[in-house]
Each structure stands twice: as structure tokens, then as C-alpha cells.
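Close look at the chain arrangement
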Amino acid sequence: MATTTLTPTAATADMPKLVKKGSISEAKSPMSATQTVYGCSHIKDLLSKARQPAIDGYTKLMRSISRPGNISTHIHKSTAGTAVESTNGFVLCHECRDFVYDPSFEEIRSKGSSKKRKHAVFSEPGDKRLVATNSGSTPCAATGLRGLYNMGQTCFMSVVLQSLVHNPIIRAYYLAEGHKRDECEREACTSCALDDMFTDFYGQEKHEGYGAVHMLQGCWKGGGSLAGYSQQDAHEFLGFILNSLHTANTGDEDEEATSSSVAKRKGSDTCDCVVHQIFGGVLKSTVTCSSCKNTTTTYDPFTDLSLDIRSAAVAVKKKKLSMINGTATVKEALPMELSECLDRFTASETLSSDSYQCRKCDKAQEAEKRLKISTLPPVLPVHLKRFSHSKSLATSSKVDTKIRFPFTLNLEPYTAQPKAPKPSPPGDQKPAEDGGTGSAKAVEPVYVLSSVVVHKGKIDNGHYVCYCKQEEEWFRFDDSMVVRVDEREVMGAEAYMLFYVVESL
């Protein structure tokens with residue numbers, strides 16, 4: 001399998017280079033006869049491979065646009081990798097997702113269109129030099145594929161941050177300046193630190209590792225047990241960072257994002273911070289008395305699902321012992337499907353009379369308890385309980401059960417499905433059981449895998465790596481090293497946490 005390692009490398013002729021911006025006086029000076037300027041690297045490839053057909057095609061389009069009676073206003077005429085805006089003839093690069101200024105096409109556009117650019121400086125002799133010195137290749141080169149330097153057993157932090165950075169919904173929030181760090185007055189703010197990461201990852205052309213120093217400072221200041229250089233649990237860090245981001249975006253110092261804050265807002269106003277809007281879900285718990293059949297329903301907020309992965313089914317295998325030239329019998333847990341873990345999570349559970357007091361019977365009774373997902377969040381982190389702790393024996397161990405997880409997950413079998421409400425007249429919408437309105441559109445229960453967090457090694461001596469999806473490709477992030485991988489490697493990973501994103505909002 002061919003892999004691509006994104007590590008610091010020497011600059012090559014094909015790599016985009018950062019150009020120092022020049023002054024206007026420098027811009028007006030003539031360019032070297034051998035220097036060629038392109039709108040972007042994709043336009044360069046197009047003109048290098050098929051210059052004359054591209055020029056001829058664009059010329060025909062400009063003639064069509066400038067023809068009297070042209071009614072194709074705002075229609076984009078697409079070609080390989082590019083499109084032409086039919087009002088002014090501007091060139092759109094699909095890969096850059098932006099309009100690009102290419103001198104070759106601009107010369108044709110200016111001659112064939114009466115709608116010239118308003119900036120007078122572009123019509124001066126130094127036009128090409130001005131564009132070259134004041135434009136960059138960031139939209140094409142800044143893809144967010146950067147590793148994070150290990151600053152002393154910080155791999156637990158790196159894998160969670162990579163999962164957040166490559167999550168499309170969170171990325172959209174921060175790149176749209178959802179958190180304005182220039183206006184934030186919080187000291188060691190984790191939301192500001194995350195905003196810095198998005199700016200650096202997607203705003204600059206860099207491939208070397210990133211030192212998340214500000215994020216580490218925020219964790220040490222507000223994380224309590226996270227301070228220091230000892231190895232931490234990635235799931236615990238996820239809980240901390242979500243709570244910290246909730247606090248940073250709302251100013252609620254006393255409320256936690258994963259518990260009481262949602263419960264307090266239940267049935268009234270929901271929290272509109274980025275954490276609750278993206279990760280906030282609600283579990284529906286029903287307890288039915290075995291005697292009187294009285295049912296009690298409660299709703300509990302969650303920001304991730306923790307699933308038991310202990311498998312009762314084992315396979316007995318013989319293992320060769322080379323030291324003594326013999327064999328030993330070992331037991332290995334059989335693989336489980338993620339759907340089996342979810343079935344177990346939502347299955348009925350019998351409560352003994354020692355743990356349930358029926359209000360209607362007014363005495364202790366046996367009961368049946370069942371959990372269902374009442375409200376699904378746009379992003380669903382799934383935590384697989386790989387670390388088992390025994391209070392009586394004061395020991396901890398790692399559960400090595402192999403979990404098979406899908407790239408696409410349908411959560412409909414695990415959700416509470418109330419009867420469809422009758423349509424309410426406008427202005428007369430009644431709150432639903434889960435705190436929303438009866439006419440609110442439910443989130444589609446189909447989710448796609450966004451990232452996978454993996455724990456390698458033993459419980460007391462391990463290492464975290466993660467796999468994240470960027471566009472249609474998967475990459476492995478191992479501290480500062482980034483490697484492109486195939487789906488087979490992702491599916492074979494010993495997952496500890498899975499991040500699923502709703503397919504459509």
C-alpha cells in the first residue's frame with residue numbers, strides 16, 4: 001500500500017511558496033520575462049496540460065457572455081475543475097472553492113467584456129507583479145493536515161484535539177469566527193486556544209507539527225488532575241474539554257456541560273453554546289413496575305455514550321512458547337459488532353426490589369428499566385469501555401475485545417420513537433417531552449464515521465493515536481506524524497472512542 005507521510009520536508013519546485021508582500025512601487029516594476037503567474041496550482045496544471053484548448057474554450061465563453069441579449073445571468077458554466085461565472089466571466093476553482101485571478105484568462109476577459117474590474121491599479125503595467133506579491137496559495141495548501149508535537153505524554157490530548165479539528169461541524173463554527181478570541185478576556189481560555197489551532201491549521205500553509213502550548217496551559221489551569229506530565233485518559237480529557245468550551249462560550253463557571261446545565265434548562269430554554277448544540281443529546285429512561293405496571297419516565301442529558309464491550313463468548317486457542325518449546329492454552333474474547341454493544345445498552349434490565357421503590361404501590365417492587373435515545377446530537381462520540389476497574393480487588397485491567405464498527409451507522413433502532421404529533425396551528429406549538437416543539441424536524445438517525453481514537457499497549461503503559469477523515473481520505477495521526485491510510489487499516493484499529501457525525505442536518 002502506498003502511503004504519504006506529511007512531515008517537514010525540503011521545499012520542492014512544485015510546493016507552493018510563501019511570497020513576501022511587496023510595496024506598490026515594487027508592484028509597478030516590470031516582471032522578469034521568464035516568470036509566469038497563475039491563479040492557483042490547479043489553473044497551472046490545466047494550462048500546462050491543455051493550454052490552447054482551455055484558452056479557446058474560455059474565449060468562446062467570453063464571446064457568449066458579451067453577446068447582446070445574454071440571459072444566462074449568474075449561471076456557472078463548468079469545465080474540468082473550474083467554472084466560469086456568466087455575468088462577468090470570473091473563473092471559479094472548484095478545488096480552491098474560490099474565485100481566482102489568472103492573468104491569462106483575465107487578459108481575455110478584459111478584452112471581451114465591458115465589465116472590467118473597478119480597481120484602477122489592476123490596469124497598470126505592474127498588474128501581474130501586484131497580484132503575485134499580494135496573493136497566496138493558502139486556499140489550496142492549508143488543508144488542516146498537521147500533527148501535534150508530544151509535549152510530555154500529551155498524546156491523550158492530541159487525539160481528542162485532532163478529532164475536534166477534523167470534525168466538519170466544529171470546524172465550520174470556528175472558521176466562521178464563532179468564538180472571537182480578540183474579544184475574549186478569559187485567562188488561559190481553551191476556546192481561544194482551539195480557535196488558534198483552526199486558524200493555524202486552515203489559514204497557513206504548514207506541514208510541520210503544531211505545539212498546542214496554549215491549550216496545554218488552559219488544561220493545566222482548569223483541569224486539576226490534568227496538570228503535570230503523567231499519562232491521562234483520552235475519554236476523561238474529552239469530558240474536560242467539552243465542559244471547558246461550554247464555560248468559555250457561556251461564562252457559566254458553576255455549570256458543567258455534561259450534567260446539570262442541560263437538566264436545568266429542560267423544558268425551558270436550551271443552551272445555545274457550541275458544545276450543547278453539537279454534542280448535547282438526551283436519554284430517555286423508563287422504569288415499569290412489575291406489579292402495577294406504573295411507568296416512570298426521566299430524561300438525562302449526555303454528550304457521549306459509554307458502551308460495555310466485555311464479551312462473554314471466548315475462543316480457546318493454543319499459543320506456542322518458544323522459550324520452552326511448548327504450547328499454552330489461552331482464552332480470547334470473540335469480536336463484537338458495535339450494534340451488539342448498542343443493543344446491550346438499550347436492552348431491558350431487571351431491577352430488584354432492593355433498588356426500586358414504586359410510588360403507586362408505595363413499597364419496594366421489582367421493575368424493568370430501559371434506556372432509549374430521545375434526542376440525538378449532530379455529533380455523537382461513542383466511548384468503548386476498555387478499562388475495567390475493580391474496587392474490591394483494587395486492580396485495573398484493559399479489555400481487549402475487538403469491536404467491529406461501521407463507516408455508516410443507523411441509530412433508528414436505539415431511539416425513542418413517539419407517535420407523530422398532530423400538526424399545530426402557527427403560534428400554538430406545545431413543548432414536546434424532550435424539551436423541543438412538536439413540529440420540530442427530527443435529526444435523521446443516519447451517522448457517518450468522522451474519527452477513531454485508538455489506545456495501544458497496556459493500561460499503565462500505552463499510547464494514543466487516531467484516524468481522521470479529511471474529504472474522502474483517511475489519515476493516521478500519531479503525535480506529529482501524519483500518514484495517509486486506507487479504510488482497511490481504520491476498520492482493523494482497536495478503537496477506544498468513535499466520533500460519528502450526522503449525515504444530514
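Residues numbered from 1 in each chain as written. Predicted model: local features only at pLDDT ≥ 70, side-chain atom pairs only at ≥ 80, totals over all residues. Heavy atoms only, no water.

Attention now goes to the side chain of Thr346. Along the polypeptide, Thr346 turns up in helix α13 (residues 338–346). Residue classification places Thr346 among the buried residues on the basis of a relative accessible area of 5%. The residues contacting Thr346, other than those within four sequence positions of it, are Arg370, Leu371 and Tyr414. (Helix = DSSP H or I, 4+ residues; strand = E, 2+ residues; numbered from the N terminus. Buried < 20%, exposed > 50% of the residue type's maximum accessible area, 1.4 Å probe, protein only. Contact = heavy atoms within 4.5 Å.)

It is worth spelling out the packing of helix α9 (residues 213–222) against helix α10 (residues 234–250) at this point. Between α9 and α10, the shortest axis-to-axis distance is 11 Å and the interhelical angle comes to 90°. Judged on the interaxial angle alone, α10 and α9 are roughly perpendicular. From α9, Met215, Gly218, Cys219 and Gly222 reach across to α10, where they touch Phe237, Phe240 and Ile241. A class-by-class count of the residues in the contact of α9 with α10 yields five nonpolar, two polar and no charged. (Axes fitted to C-alpha atoms, helices over the stretch in contact; angles between N-to-C directions. Parallel < 35°, antiparallel > 145°, perpendicular 65-115°, else oblique. Nonpolar A, V, L, I, M, F, W, Y, C, P; charged D, E, K, R; others polar.)

Neighbouring strands of a sheet are bound in pairs by backbone hydrogen bonds; such pairs are parallel or else antiparallel. A sheet is described by the order of its strands in space; here four strands give the open sequence β7-β6-β15-β12, paired in antiparallel fashion. A strand with exactly one partner marks an edge of an open sheet, and here the two such strands are β7 (295–302) and β12 (349–351). The average angle at which neighbouring strand axes cross in this sheet is 30°, direction not considered. Pairing geometry for strand β6 (residues 281–289) and β7, over eight bridges, is antiparallel. (Pairing = 2+ DSSP bridges.)

This part is about the packing of helix α8 (residues 190–203) against α10. Taken N-terminus to C-terminus, the directions of α8 and α10 make an angle of 100°; their axes are 8 Å apart at the nearest point. Between α8 and α10, the angle falls in the class roughly perpendicular. Here Thr190, Ser191 and Leu194 of α8 lie close against α10, whose contacting residues are Ile241, Ser244, Leu245, Ala248 and Asn249. Looking at the contact of α8 with α10 residue by residue, the classes come out as four nonpolar, four polar and no charged.

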